[in-house]
Amino acid sequence: MYEALFNNRFTNTFVFYISLLLLLLISPFLFAWELFDIVRTCLRCKENMSGKVVLITGASSGLGELMAYEYAKLGAYLAIIATRKPESRLEQVANKARELGSPDVLFMFADVSKIEECHMFVDNTIRHFGRLDHLVCNAGIGPLYSINNDLTKFAPIIDINFWGSVYTTHFAIPHLMKTKGKIIVNASAAGLLNPPGGGLYNASKGALINFFETLRYEVSPMITITILTLGFIETDFITVKYSNNGVGPHLRNDLRDVLPTMGAEACTKAIIDGVRKGVTSITEPRFFKTVVLVKLFFPQLHYLFFNSFSPLVQN
Ligand SMILES: NC(=O)c1ccc[n+]([C@@H]2O[C@H](COP(=O)([O-])OP(=O)(O)OC[C@H]3O[C@@H](n4cnc5c(N)ncnc54)[C@H](OP(=O)(O)O)[C@@H]3O)[C@@H](O)[C@H]2O)c1
């Protein structure tokens with residue numbers, strides 16, 4: 001019906017500017033709607049987690065570990081996952097979570113990039129606890145490779161960061177449907193902002209965002225999905241461990257004190273608070289939302305900034 005309109009160069013451009021103008025005209029109403037939604041969310045009751053069952057992947061350190069402690073303080077049962085490594089702290093995390101108030105913690109060593117292992121830990125969780133209320137897809141790695149790097153190093157980033165969350169979700173969905181549960185996906189602001197140096201990491205997180213934004217339509221209203229698009233959070237991911245062994249996204253040393261990083265505990269508390277209120281998208285530190293808007297409305301400025309300033313160093 002509109003083919004002729006869009007085939008013509010002039011009318012095609014004209015339609016674009018008219019729709020942009022209309023959007024600007026109604027933007028005060030859209031803004032008011034957003035504000036109303038924010039206020040409504042703030043007033044919403046928080047979910048009582050006592051006696052609920054939470055499965056967290058990548059819980060041996062960082063945000064996964066801290067989320068386990070937050071859920072434990074709320075009295076939730078926990079199933080926590082990480083890969084089997086001699087130095088893995090998973091058992092210690094389980095013990096501390098019990099001390100903090102979790103009635104029972106099941107810890108399992110598994111690699112989320114392996115389908116059968118995801119099947120195994122979801123099944124074991126159900127066999128042990130009989131139900132599943134929250135699934136936290138958090139496990140992730142973040143090496144930053146240039147396109148000239150050894151090709152065999154590329155696949156694990158997508159296998160763990162993207163497929164690991166998709167496989168786990170696939171096996172968990174029937175159980176989450178029964179409890180009207182929640183899925184929390186730890187993507188990254190990098191999946192929206194494309195900072196230079198991390199093409200594959202950004203792609204894995206961008207794919208996660210797109211997949212789970214689409215999955216919402218399939219599982220709503222039975223399952224609520226919360227997508228986390230975090231900026232720089234003070235975990236080993238950006239600080240000590242990876243910066244020392246050269247595996248993760250190095251933050252440039254000279255910028256470490258000026259970059260807007262957020263404490264991991266404050267971030268985790270904000271995440272769990274939001275999740276319990278049924279928020280569907282969480283960005284921390286919040287200021288990163290503005291950067292996303294800059295990219296959307298002023299792509300040239302966004303390009304200029306990252307082209308002259310890269311906070312990350314490639315492996
Ligand atoms: N920190 C940040 O600034 C930031 C920003 C945006 C997004 N994120 C995302 O937040 C998530 C957690 O990162 P973090 O900062 O907490 O870093 P972290 O401390 O390195 O946590 C990563 C977790 O994932 C686990 N893991 C890695 N590969 C796995 C695999 N194949 N199977 C199962 N578990 C695996 C790790 O445990 P093992 O090594 O013991 O298996 C570890 O528990 C990641 O997805 C990351 O992309 C972090």
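Note that residues are indexed from 1 along each chain, following the sequence as it is written. Reporting in this predicted model follows two pLDDT cut-offs: at least 70 for local features of residues, and 80 or more for side-chain atom pairs to be given and counted; totals over whole chains, interfaces and linings ignore these cut-offs and use all residues.

1. Quick look at the UniProt feature "transmembrane region" (unreviewed entry) in the chain
And then number 1: UniProt positions are given in the numbering used here, feature names are shortened, and annotations may be inferred rather than shown by experiment. Taking the UniProt record as the reference, the feature "transmembrane region" (unreviewed entry) is found at residues 14-36.
And then number 2: Helix numbers and strand numbers start at the N terminus; a helix is a DSSP run of H or I with at least 4 residues, a strand a run of E with at least 2. Measuring from the first to the last C-alpha atom of residues 14-36 gives 33 Å, for a span that is 100% helix and 0% strand.

2. Some thoughts on the pairing of strand β2 (residues 77-82)
And then number 1: Here exposure depends only on C-beta density: within 10 Å of a residue's C-beta, 20 or more other C-beta atoms make it buried, 12 or fewer make it exposed, and intermediate numbers make it partly exposed, the C-beta atoms being placed from the backbone. For β2, the buried fraction is high: 6 of the 6 residues fall into the buried class.
And then number 2: Neither face of β2 is open: one carries Y77, A79 and I81, the other L78, I80 and A82, and all of them are buried.
And then number 3: A pair of strands is labelled paired if DSSP reports no fewer than 2 bridges between them. Sheet topology note: the strand β1 (residues 53-57)/β2 ladder contains 5 bridges and is parallel. In the strand pairing of β2, T57 is matched with I81.
And then number 4: Orient the strands so they point away from the viewer; a crossover is then right-handed if the path from the first strand over the helix to the second runs clockwise. Handedness of the β-α-β unit built from β1, helix α3 (residues 62-73) and β2 comes out right-handed.
And then number 5: Bridge count for β2 against strand β3 (residues 105-109) is 5 bridges, and the pairing is parallel. Its bridge partner lying in β3, I81 is registered against M108.
And then number 6: The parallel pair β2 and β3, bridged by helix α4 (residues 90-100), forms a crossover whose chirality is right-handed.

3. Section: helix α10 (residues 264-276)
And then number 1: For a helix, the expected span equals 1.5 Å multiplied by the residue count minus one. The end-to-end C-alpha separation of α10 is 18 Å, in line with the 18 Å expected for 13 residues at 1.5 Å each.
And then number 2: Residues A264, C267, T268, I271, I272, G274, V275 and R276 constitute the buried set of α10.
And then number 3: We call two residues in contact when their backbone-placed C-beta atoms lie within 7 Å. Buried residues in α10 make contact with α3, β5 (182-186), β6 (224-228), β7 (233-234), β9 (262-263) and β10 (281-282).
And then number 4: Downstream of α10 by a residue or two, G278 has a phi angle that is positive, lying close to 80 degrees.

4. Observations regarding the sheet that holds β10
Sheets are built from strands that pair by backbone hydrogen bonding, the pairs being arranged parallel or antiparallel.
And then number 1: The 7 strands are arranged β3-β2-β1-β4-β5-β6-β10 in an open sheet whose pairing can be described as parallel. Either end of the sheet is taken by a strand with one partner, and the two such strands are β3 and β10.

5. A closer look at α4
And then number 1: By the burial criterion, the buried members of α4 are L90, V93, A94 and A97. Down the axis, α4 shows its buried residues gathered within 100 degrees of arc, on one side only. Residues Q92 and E99 are exposed on α4 and point more than 90 degrees away from its buried face.
And then number 2: Elements that come into contact with the buried residues of α4 comprise α3, β2 and β3.
And then number 3: Positive phi appears at G101, one or two residues downstream of α4, with a value of about 130 degrees. It is the directions from the helix axis to the C-beta atoms that the arc portrays.

6. Things to note about the environment of P196
And then number 1: With respect to the secondary-structure elements, P196 resides in the loop between α7 (190-193) and α8 (199-219).
And then number 2: Separated by 114 residues in the primary sequence, P196 and S310 place their C-alpha atoms 6.3 Å from one another.
And then number 3: With sequence-adjacent residues up to four places away left out, P196 is seen in contact with F306 and S310.

7. Thoughts on the packing of α3 against α4
And then number 1: The convention used is that axes are lines fitted to C-alpha atoms, helices contributing only their stretch in contact, and that angles between N-to-C directions extend from 0 to 180 degrees. The N-to-C vectors of α3 and α4 enclose an angle of 25 degrees; their axes lie 8 Å apart at closest approach. Considering their axes alone, α3 and α4 lie roughly parallel with respect to each other. Once α3 is placed against α4, the crossing between them reads as right-handed. Where α3 abuts α4, its residues E65, A68, Y69, A72 and K73 lie against V93, K96, A97 and L100. If an angle is under 35 degrees, it is roughly parallel; if it is over 145, roughly antiparallel; if it lies from 65 to 115, roughly perpendicular; otherwise it is oblique. The hand of a helix crossing depends on one turn: near helix anticlockwise from the far one by less than a right angle means left-handed, and clockwise means right-handed.

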